[in-house]
Structure formats: C-alpha cells, structure tokens
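Single-letter residue listing:
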Amino acid sequence: MTLNDFLDFVKTGQALSTPEIHELMNRMSNEARKITFRLNSAYHTPEEVNALLSELFGKPVPDSLRVFPPFYTDFGKNIQVGENVFINACCHFQDHGGVTIGDGCQIGHNVVFATLNHGLSPEDRPHTYPAPIVLGRNVWVGSNATILQGVTIGDNAIVGAGAVVTKDVPANTIVGGVPARFIKRID
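So, here's what we can say about the structure. (Residues numbered from 1 in each chain as written. Predicted model: local features only at pLDDT ≥ 70, side-chain atom pairs only at ≥ 80, totals over all residues. Heavy atoms only, no water.)

A few words now on helix α3 (residues 46–57). Given a rise of 1.5 Å per residue, 12 residues ought to cover 16 Å, and the 16 Å separating the end C-alpha atoms of α3 matches this to within 8%. Along α3, the residues that are buried comprise V49, N50, L52, L53, S54, L56 and F57. Where α3 is buried, its residues touch α2 (19–40), β1 (66–67), β2 (71–73) and β3 (79–81). Downstream of α3 by one or two residues, G58 has phi in the positive range, about 80°. (Helix = DSSP H or I, 4+ residues; strand = E, 2+ residues; numbered from the N terminus. Expected span 1.5 Å × (residues − 1). Buried < 20%, exposed > 50% of the residue type's maximum accessible area, 1.4 Å probe, protein only. Contact = heavy atoms within 4.5 Å.)

What follows is the structure, encoded as structure tokens:
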C-alpha cells in the first residue's frame, strides 16, 4: 500500500484493519518518530523548525507557520496548516484521519488532536476508525484541550482550556468543559 492509497482509504472512514494498512502505519510511525526526535532534541531556529516540519508533513509548510517544540505526531503525513498558524509546545497530532488547521489559528500548550477511535464492541476494539478534524480560520484552542475525531470547529471559535471537544463547534462561539458545551456567542 502506498501513502496516497492510504490517504484515499482513510477518507472512507472504514476500519484500519488489514495487514497492508498496519505495515504502512508502522512504517510511517517510525519515520515520524525519527523526524520528531530530531525536531525535539535541540534548539532550532524557526526556519529549521519549518524545514523539519516540511519533511515530517511530506510537503512545504507556510513560512508564516510558527511551532514551539516539542511537537509530537505518530503519522505526520496527513496534516494541513494554513498561513499565520501558531502551535505552542507539547501538542500531539494523531493525524491518520487528517488534521486541517485554517489560517490564523492559535493552538495552546498540550493540545491533542485524535483522529482515530476504536471499535466499541470487544471483538471490534482492536480496529481503529479514522475521521478528520478541521479547524476553520482564526480558531483559538486553549491549553490542554482535546479535539476528537470527526470534529469541525467553525471560523473564529474558541475552545476553552481543558475542553474535550466531541461534537462540531459552530463559528463565532466559545465552548468549554468536558464534554465541551456552548458557553456564548462571539459578536
């Protein structure tokens, strides 16, 4: 299985359960860990960080992207970032299902993006199911928030620190809590 075959397959939302898929996921995980170990092991200039992220993502990242390492991902090849994005230290991207971050987003410390979920029944639990996470423009995600698979966060929304986002967040709103709930509208 090629990377492009995998990226097409995850869009179907079907179980990641075949030996070919697991082999590719293991190979990509090993590659991602090699790059993130280099990224996280010493100081790098912003330009060096972006060069390592370009290698990790498998495509050039915008010059305006700013990431404060350490940065963690177990796949790396299914992350898209827009212009003027800031990602603070210790964020974790489980990006098999795809993570898209729109222009102007700000991501706080220790934010987790989890695009995989396990099957619910005991016999299906070894299998994982992908679904993308999409952040619109100018989204602010507070420290220690967790965004779960299949969630879309609308433009200008704010996710409060420590929130666990299990459902879509409308544009121009603030959510917080566990699970995240509507707090107020941003005018």
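Picking up after the structure, the text goes on.
This part is about the pattern of salt bridges. Applying the stated criterion across every chain, the model contains four salt bridges. Salt-bridge contacts for E55 lead to R38; the nearest nitrogen and oxygen are separated by 2.7 Å. Taken together, the positions of E55 in helix α3 and R38 in helix α2 put the pair 17 residues apart, joining distant regions of the chain. For E55, a relative accessible area of 37% translates into the label partly exposed. (Salt bridge = Lys/Arg side-chain N within 4 Å of Asp/Glu carboxyl O.)

To continue, consider the packing of aromatic side chains. Taken as a whole, this structure holds five aromatic pairs when the rule is applied. Measuring from ring centre to ring centre gives 5.2 Å for F6 and F75, while their planes differ by 45°; the resulting arrangement is tilted. With F6 in helix α1 (residues 3–10) and F75 in the loop between β2 and β3, this pair connects stretches of sequence that are 69 residues apart. What makes F75 buried here is its relative accessible area of 1%. Ring geometry for F68 and F86: centres 4.9 Å apart, planes at 90°, overall edge-to-face. (Phe/Tyr/Trp six-rings, centres within 6.5 Å; stacked < 30°, edge-to-face > 60°.)

Time to look at the sheet that holds strand β11 (residues 133–135). Strand order in the open sheet made by the four strands is β3-β6-β11-β14, with parallel pairing throughout. Each having just a single partner strand, β3 and β14 (152–153) make up the two edges of the open sheet. (Pairing = 2+ DSSP bridges.)

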